Structure formats: structure tokens, C-alpha cells
Amino acid sequence: MLTFVFLETALELIPKEISKHPAVVKDARRRKKNPSKIILDDSKHHPAMKKIKDRKKRGRPDIIHYCLLSLLDSKINEMEIFVHTVNNNIIWINRKTRLPRNYNRFVGLMEDLFDKRVIKAENEILMEIKDIPISSLISSFSNKNIVLMIESGDKDEKHLRNLMKEDPVICIGCFPHGNFSNDILQLMNDVNADFVSLGDKPLTSLYVTNRVVCLYENARVQTY
Ligand SMILES: C[S@@+](CC[C@H](N)C(=O)[O-])C[C@H]1O[C@@H](n2cnc3c(N)ncnc32)[C@H](O)[C@@H]1O
């Protein structure tokens, strides 16, 4: 089974230190929600975000929205999906989930998830926040090939194509700017991950997700 892990995803609730900022309060009031229970979004909370650490890597839930739609639309039936967030939450996504295609509805669903920690439909869990650190999640894949998609990787697309026969674990960054944190790079080194580059230009998370899906479908999925 192919596994995807989106890393340092720019998906989080409003951080406490900016919950009283006018840009946040205004948006929360408009949506009739508690400011601490809404998802941080750079397009709405930009003035407030000036005050938070690592702000260039935060407040872009649209990136994971697109990536998940792409994966769930694919013809890959057997797939595990995990979303690691910038605050070190791990979200497990059921392959059968029918994600809202509308961005505002997606954000509402994520707010519900952070509030209830689990989303169910007809007694089946569709998504759930797991109480495990990213290091334990990644270490649990030690019997598989772990791949970190990264611009500076020393392995290429041909190597990735060959790995597709062996159901690898594909890790892709899901934040707007910059590189992985040192902790993530250290973790990937510790588990001897393959660092795979699709070229020396920075690509979007969506493009990289689509490229991996295409490689896997070409190698493993009968499309007729
Ligand atoms: C840092 S995020 C940047 C996201 C972008 N701003 C967006 O809106 O999607 C992109 C992720 O895609 C992967 N990536 C980007 N460029 C790549 C490349 N040339 N080769 C392999 N993976 C790459 C990395 O995992 C990286 O963390």
C-alpha cells in the first residue's frame, strides 16, 4: 500500500498570541465563531500573522486542501494518508473520505476536526487526530522505503519510478515557503530516507503530489 505523509502542513487553529488581534476578531465575528476555534489563514489574518514565529511557513490551509483532493481523486485505491501539521498534530485521513471541494467548507471541516478530534460518517471514521509524534509515525514505516521529496535531493525521478513497485512512503512538504525544519531533516536522515529531487527548481506541493500519483498509476494501476 502506498503511503503519503504531508510534512509541516500549514494547517492550524489561530495561535493564542494573536486571538485578540482585530483582523482575527473581525473574521471570527463574521463567521459567528470563537477566535481560538478558527483556522489560521494568511489571506484573512495577514496583519495579525506579522507577530508570529515562522510566519512564512504558516496559515496556508489551501495547500493541503489541493493535495488531498488530488490524492482522493486518483485511481490509487490502496493508500494511507497522514497529515503532519506545523504544530506536530498527526491527522489520519480515510481513503474513502469525500472531501468538500469548496475551500470554505474544507476549512469548516478542519475546524470541526480540531474541535472534536475525530470526524465520523455512518459510524466510520473519516479523519482523526492521532496522539503520536511524527518520529514514531515515521519509525513505524521502518520496513518500507521512505522517500523525502526535496529540491536538493541526491536521487532522481527514475529512482522514484523504480521504488513504486515496492509501495514506498512518500513525504512531501506542505507549507508555503522555505525548507523543512532541522528536526524533520534529522528524522529523515535517522531513518535513512531517500532524498528525491524532481529537478533543481522549487515546485509546488500540488505538482509534486500529482507527479507521484502519475508515477504510481503508470506503474501499478490498470486504467482500462
Ligand atoms: C515547500 S513546499 C512549497 C509549496 C508551494 N509554495 C505551494 O504553494 O505548494 C513544496 C514541497 O514540494 C516538494 N518539492 C518542491 N520542489 C521540489 C523539487 N524540485 N523536487 C522534489 N520535491 C520538491 C518538497 O517536499 C517541498 O517541501
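The structure displayed is predicted, hence computed values, not measured ones.

A. Up close: the overall build of the chain. A count of helical and extended segments in the chain gives eight helices and eight strands. Rg of the C-alpha trace for the chain: 18 Å, near the compact-globule value of 17 Å for 224 residues, within the 12% margin. With 224 residues in all, the chain has 50% of them scored as buried. A separation threshold of at least 6 residues defines the contact pool for the chain, and within that pool the share at least 24 residues apart is 72%. Entry remark: accessible area of the chain is about 11,900 Å², with carbon and sulfur atoms responsible for 46%. Each charge class in the chain was averaged separately, 36 positive and 29 negative side chains, and the resulting centres sit 7 Å apart.

B. Quick peek at the site of the ligand. Taken together, 21 residues lie near the ligand, and Met 149, Pro 176, Leu 198, Gly 199 and Lys 201 sit nearest. In this structure, a nitrogen atom belonging to the ligand sits 2.8 Å away from a main-chain N or O atom of Gly 199. Between the ligand and Leu 203 there is a distance of 2.9 Å, counted from a nitrogen atom to a backbone nitrogen or oxygen. Starting from 580 Å² of accessible surface for the ligand in isolation, the protein chains cover 88%. Elements with a minimum of two residues in the shell around the ligand: β7 (169-173) and α8 (205-220).

C. Up close: the pattern of salt bridges. Taken as a whole and assessed by the stated rule, the structure comprises 16 salt bridges. Measuring nitrogen to oxygen at the nearest pair gives 2.7 Å for the salt bridge that ties Arg 101 to Asp 73. Taken as a pair, Arg 101 in the loop between β3 (90-93) and α4 (103-116) and Asp 73 in helix α3 (residues 61-73) lie far apart in primary sequence, 28 residues in all. Sharing partners across several salt bridges, the network here consists of Arg 31, Lys 33 and Glu 111.

D. Examining the packing of aromatic side chains more closely. With the rule as written, the count across this model stands at three aromatic pairs. Both rings, one in Phe 4 and one in Phe 6, keep their centres 6.1 Å apart while their planes meet at 15°; by these two values the pair is stacked. Accessibility expressed as a relative area gives 0% for Phe 4, which makes it buried. A cation sits over an aromatic face here: Lys 57 above Phe 175, 4.4 Å from the ring centre.

E. Molecular detail of α4. Over its 14 residues, α4 extends 20 Å from the first C-alpha to the last, a length consistent with the 20 Å expected when each residue adds 1.5 Å. Elements that come into contact with the buried residues of α4 comprise α3, β3, β4 (118-121) and β5 (124-130). The backbone nitrogen of Asn 104 has a side-chain oxygen 2.9 Å away, supplied by the residue at the start of α4, namely Asn 102. One or two steps after α4, the chain reaches Arg 117, where phi turns positive at roughly 70°.

About the cut-offs
Residues numbered from 1 in each chain as written. Predicted model: local features only at pLDDT ≥ 70, side-chain atom pairs only at ≥ 80, totals over all residues. Heavy atoms only, no water. Helix = DSSP H or I, 4+ residues; strand = E, 2+ residues; numbered from the N terminus. Rg over C-alpha atoms; globule rule 2.2 N^0.38 Å. Buried < 20%, exposed > 50% of the residue type's maximum accessible area, 1.4 Å probe, protein only. Contact = heavy atoms within 4.5 Å. Areas by Shrake-Rupley, 256 points an atom, 1.4 Å probe, with all protein chains shown as cover. Lys, Arg positive; Asp, Glu negative; His and termini not counted. Charge placed at Lys NZ, Arg CZ, Asp CG, Glu CD. Near = heavy atom within 4 Å. Polar contact = N/O pair within 3.5 Å; in protein donor to acceptor, adjacent residues only side chain to side chain. Salt bridge = Lys/Arg side-chain N within 4 Å of Asp/Glu carboxyl O. Phe/Tyr/Trp six-rings, centres within 6.5 Å; stacked < 30°, edge-to-face > 60°. Lys NZ or Arg CZ within 6 Å of the ring centre and 35° of its normal. Expected span 1.5 Å × (residues − 1).

Read these as spatial facts, not as claims about activity.
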